[in-house]
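Structure at a glance
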Amino acid sequence: MLEKTNKLGFQSINKGYNSVFRLGRLSVGLVVPIENYSSGAVPSMVQHIEHIQLAEELGFSAVWLRDVPFNVPSFGDAGQIYDPFVYLGLLAGQTERIALGVASIILPLRHPAHVAKAAASADVLSGGRLILGIASGDRPQEYPALNLPFADRGKRFRESYDYIRFMGDNAPSFENTYGGTNGSIDMLPKPSSRKLPLLITGNSQQSHEWIAQNGDGWMLYPRNAALQAQIIKDWQKLVRKVGRSAQPIMEPLYIDLVESPNTPPQPIHLGFRLGVNYLRDYLKSREDIGVNHVALNLRFNRADIDTTLKRLAYEILPEFNG
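Here the structure is a predicted model, which is why all the values come from computation and not from measurement.

1. Regarding the pattern of salt bridges
Summed over the entire model, instances satisfying the criterion amount to 19 salt bridges. Across the pair arginine 97 and glutamate 96 runs a salt bridge whose closest N-O atoms are separated by 3.8 Å. Here arginine 302 and aspartate 256 are joined by a salt bridge, their closest N and O atoms 2.7 Å apart. Taken as a pair, arginine 302 in the loop between strand 12 (293-297) and helix 9 (305-315) and aspartate 256 in strand 9 (residues 249-257) lie far apart in primary sequence, 46 residues in all.

Rendered as structure tokens:
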């Protein structure tokens, strides 16, 4: 059965999801922390709230947190260092409009009851602005610290997903390896729209059929345009085949925005050092192949962060977030 769709073509879930994802359009958000920390794995988190509030004021559609329980040296990035759910609670009270995303919660490392409770709480406290990316995890060093196996994380990802979905029902009755209820108890609060928007990250050890059937969108790493276009086309065809409405695609992109607007792209980690005109062209090309949201990461950005945010707002956002 096709989901109820909003006026812009995707299913209608909550305020955050509906504002970020528009069929045939691309919106632009930011990865937190919004700062340069290219010289090491751990950010300073100086003025972290002020940067997010500025992003909201300037019209960015979303900010995205990450779930990095342990600082793994080989991974090389501690993210925003704070627990994402604790941080979401703070941001719910310090912002008003911007969507609050997580890219992504590592489901096999957490009990789904805690994820369901914390996510629904953040969603309600923010007025329905939560978008929850979920993943199976790609840092095997973390699993021994929790006495959990890495090899079966795909199976536990699916069961955690099911558990979280059940918790949106009233007094659910179900059972899986994480536990179950017989309908005599309930979990509160419920998500603002009775459903959490759950975006699958990469394959998360799942088949494309499972992702098409169960995800409320797909988070992909950036690839060359021709390959990414084919992946998106094939996936949307599969989404229709299983009887669902179109589902959004989002990507991250690391950028180092240089002063000269016509500086051509030079590759950096998962992104480019480039001028604003080339960035605009790149984002338009992603929109053309079916990408609906790009989350910019300024970790390697060498210019002043406030200045860069304002340049992006004045020269990029009118084309995409208007």
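2. So, a nonpolar patch on the surface
Among the surface-exposed residues, Val42, Ile81 and Tyr82 lie close enough to one another that they form a single nonpolar patch of about 260 Å² accessible area. In this fold, tyrosine 82 is placed in the loop between strand 2 (62-65) and helix 3 (84-94).

3. With respect to helix 4 (residues 112-125)
Here helix 4 is 14 residues long and its end C-alpha atoms lie 20 Å apart, about the 20 Å a rise of 1.5 Å per residue gives. For helix 4, the set of buried residues is Pro112, Ala113, Val115, Ala116, Ala119, Ala120, Ala122 and Asp123. Buried residues belonging to helix 4 abut helix 3, strand 3 (99-106), strand 4 (130-135) and helix 5 (153-166). In the stretch just after helix 4, glycine 127 is the one whose phi turns positive, near 75 degrees.

Calculation criteria
- Residues numbered from 1 in each chain as written.
- Predicted model: local features only at pLDDT ≥ 70, side-chain atom pairs only at ≥ 80, totals over all residues.
- Heavy atoms only, no water.
- Salt bridge = Lys/Arg side-chain N within 4 Å of Asp/Glu carboxyl O.
- Helix = DSSP H or I, 4+ residues; strand = E, 2+ residues; numbered from the N terminus.
- Patch = residues over 30% accessible without salt bridge, like charges linked within 9 Å, V, L, I, M, F, W, Y side chains within 5 Å.
- Areas by Shrake-Rupley, 256 points an atom, 1.4 Å probe, with all protein chains shown as cover.
- Expected span 1.5 Å × (residues − 1).
- Buried < 20%, exposed > 50% of the residue type's maximum accessible area, 1.4 Å probe, protein only.
- Contact = heavy atoms within 4.5 Å.

These values are about where atoms sit, not about what they do.
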